[in-house]
Amino acid sequence: MDRFKVVKSLLMNAPISITMSFVAQLMNILLGHMEHFEWGSMLISFLFSYVVAFFIAYFIPADRAGFALAGRCGAEPGTWKFNMLVNLVVNTVFSVIMTLVMGWFTACLLGGAPLIAAVQGFGQMIVPVWIACYFVSLFVQRPAMALAHKIVGK
């Protein structure tokens, strides 16, 4: 395993998984699927999403596709434009997969709902999850990368 990629994935995915778990729970309250905020439910959601997010970040080369997009758009590495374009691709891949998986996990596996509930949940959750995770990952990216370089000495 690539040590830098592992550390980077772990650092980036913690705040994003927390954000996703919080936003999903907030949306469930607003949509009337839950009565109130439940810390235990959020913790379970966070832990599961953190593991899934690690595998997405480690095994799906969304960052390479993001680098390619940023390069085609003429963005220079290290600039906000570059980071925003890379994050556009990475966050979209992450949000789509995570919203589907987490919808299945919470509604179907934990809640006993039929599989169609995960699809319906995806439709309700994808936009708020994508928006929240986009901004969190955009602002966490630089410090997480710097800390990952420092930890692995690269």
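The model shown is predicted, which means the values in this text are computed figures rather than measured ones. (Residues numbered from 1 in each chain as written. Predicted model: local features only at pLDDT ≥ 70, side-chain atom pairs only at ≥ 80, totals over all residues. Heavy atoms only, no water.)

## Some points on the nonpolar core
When a protein is soluble and globular, its nonpolar side chains tend to lie buried together. By size, the foremost hydrophobic cluster in this structure holds 17 residues, and its most contacted members are Met20, Phe94, Met98, Val129 and Cys133. At the level of secondary structure, the elements contributing two or more residues to this core comprise helix 1 (3-30), helix 2 (39-59), helix 4 (80-110) and helix 5 (116-152). Per element, the largest residue contribution to this core is six residues, and it comes from helix 1. When neighbours within four sequence positions are excluded, Met98 is seen to be in contact with Met20, Ser49, Val52, Ala53, Ile56 and Gly103. Within the second largest apolar cluster, five residues are counted, among which are Ala75, Phe82, Leu85 and Val86. (Core = buried A, V, L, I, M, F, W, Y, C linked by side-chain atoms within 4.5 Å. Buried < 20%, exposed > 50% of the residue type's maximum accessible area, 1.4 Å probe, protein only. Helix = DSSP H or I, 4+ residues; strand = E, 2+ residues; numbered from the N terminus. Contact = heavy atoms within 4.5 Å.)

## Let's talk about the environment of Leu85
Along the chain, Leu85 turns up in helix 4. Residue classification places Leu85 among the buried residues on the basis of a relative accessible area of 17%.

## Some points on the packing of aromatic side chains
One pass over the structure, following the stated rule, counts twelve aromatic pairs. Relative to Phe82, the ring of Phe67 lies with its centre 5.8 Å away and its plane at 15 degrees, an arrangement referred to as stacked. Linking Phe67 in helix 3 (residues 62-72) with Phe82 in helix 4, this pair joins segments that are 15 residues apart in sequence. Overall, the relative accessible area of 41% leaves Phe67 in the partly exposed class. On the accessibility criterion, Phe82 (11% relative accessible area) is buried. Aromatic ring contacts, followed pair by pair, group Phe54, Phe55, Tyr58 and Phe59 into a single cluster. Above the plane of the ring of Tyr58 lies Lys5, whose end atom (NZ or CZ) is 5.0 Å from the centre. The ring of Trp80 has Arg142 lying over it, and the distance from NZ or CZ to the ring centre is 4.5 Å. (Phe/Tyr/Trp six-rings, centres within 6.5 Å; stacked < 30°, edge-to-face > 60°. Lys NZ or Arg CZ within 6 Å of the ring centre and 35° of its normal.)

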